[in-house]
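If you want the building blocks of each chain, they are given just below.
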Amino acid sequence: MPIISIDATFFWQIINFFVLLFIVKKYFKEPISKIINERKQKIEAELVEATKNREEAEKLHKEAEAQVLNSRKEASEIVKNAQRKAEEEAHLLIKEARENRENILKATELEVTKIKNDTKDELGREVKNLAAELAEKIIKEKVDDNQETSLIDKFIAEVGEDK
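Draft legend 1. Seen up close, the overall build of the protein chain. Helix and strand content of the protein chain: 2 helices and 0 strands. Residues counted as buried form 1% of the 163 residues belonging to the protein chain. Approximately 15700 Å² of the protein chain is accessible, and the part contributed by carbon and sulfur atoms is 59%.

Draft legend 2. Looking closely at the packing of aromatic side chains. Here the structure, examined in full by the defined rule, presents 2 aromatic pairs. Ring centres 5.9 Å apart and planes at 70° place the aromatic pair Phe-11 and Trp-12 in the edge-to-face group. You can call Phe-11 partly exposed: its relative accessible area is 49%. According to the relative accessible area criterion, Trp-12 is exposed, its value standing at 51%. Ring centres 5.7 Å apart and planes at 70° place the aromatic pair Phe-17 and Phe-18 in the edge-to-face group. Note on Phe-18: relative accessible area 52%, which makes it exposed.

Draft legend 3. How the structure looks around the pattern of salt bridges. Tallying each qualifying case throughout the model produces 3 salt bridges. For Arg-84, the salt bridge identified is with Glu-88, shortest N-O distance 3.6 Å. Of this pair, Arg-84 and Glu-88 both sit in helix H1 (residues 8-144), 4 residues apart, which is roughly one turn of the helix. On the basis of relative accessibility, which here comes to 41%, the residue Glu-88 falls in the partly exposed class.

Draft legend 4. Broad picture of a nonpolar patch on the surface. Taken together, Val-19, Leu-20, Phe-22, Ile-23, Val-24, Tyr-27, Phe-28, Ile-32 and Ile-36 make up a surface patch of nonpolar side chains, about 880 Å² in accessible area. The topology assignment puts Leu-20 in helix H1.

Draft legend 5. Looking closely at a negative patch on the surface. On the surface, Asp-118, Asp-121, Glu-122, Glu-126 and Glu-133 cluster together into a patch of negative charge. For Glu-122, the position within the fold is in helix H1. Residue Glu-122 is classed as partly exposed on the basis of its relative accessible area of 46%.

Rules of the game
- Residues numbered from 1 in each chain as written.
- Predicted model: local features only at pLDDT ≥ 70, side-chain atom pairs only at ≥ 80, totals over all residues.
- Heavy atoms only, no water.
- Helix = DSSP H or I, 4+ residues; strand = E, 2+ residues; numbered from the N terminus.
- Buried < 20%, exposed > 50% of the residue type's maximum accessible area, 1.4 Å probe, protein only.
- Areas by Shrake-Rupley, 256 points an atom, 1.4 Å probe, with all protein chains shown as cover.
- Phe/Tyr/Trp six-rings, centres within 6.5 Å; stacked < 30°, edge-to-face > 60°.
- Salt bridge = Lys/Arg side-chain N within 4 Å of Asp/Glu carboxyl O.
- Patch = residues over 30% accessible without salt bridge, like charges linked within 9 Å, V, L, I, M, F, W, Y side chains within 5 Å.
- Lys, Arg positive; Asp, Glu negative; His and termini not counted.
- Charge placed at Lys NZ, Arg CZ, Asp CG, Glu CD.

So, in C-alpha cells, the structure goes:
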C-alpha cells in the first residue's frame, strides 16, 4: 500500500478543500481582515496615546518638581526674612528699653535733685524759724532782764541779712 493513494475520496477531499478555501476567502477573509486591522489600528492608537500620556506625565512631573523646588526656595526666603525682621525687632526693643531706662534714670535723678533741693530749702526755713524762735526767747529773757533794745534791733538786722 502506498502512502498516498489517489482515489475518488482523495479527489473529493481536494475539491472540498478548494471549495472551503473559496468560501472562507469570499465570506470570512474580508471581515476577519477588517477586525484584525481595526484591532491593529486600535492598538497603535493606544500605543501613541500611551506614549503621549507618558510624555505628558513626565512633563507634569518635571513641572511639579520645579514648583516644589521653587516653593522650598520661597519658604526659605520667607523664613530668612522673618528671622531678620525678628532680629531687627529685638534690637529695636532692646534699644527702646535702654532709652526708657536712661529716661527713667534721668527723671529719677531730676526728681531726687528736686526733692533734695526742696528738702534743703524746707530745712533752711525750719532752721531760720527755730533760730528766730530761739532768738525771740533769748530776747524776751534779756528784755525781761532790762537790757537794751539795741540788742533786739541788732539781732533782727542779722536775721534779715540771712534771708
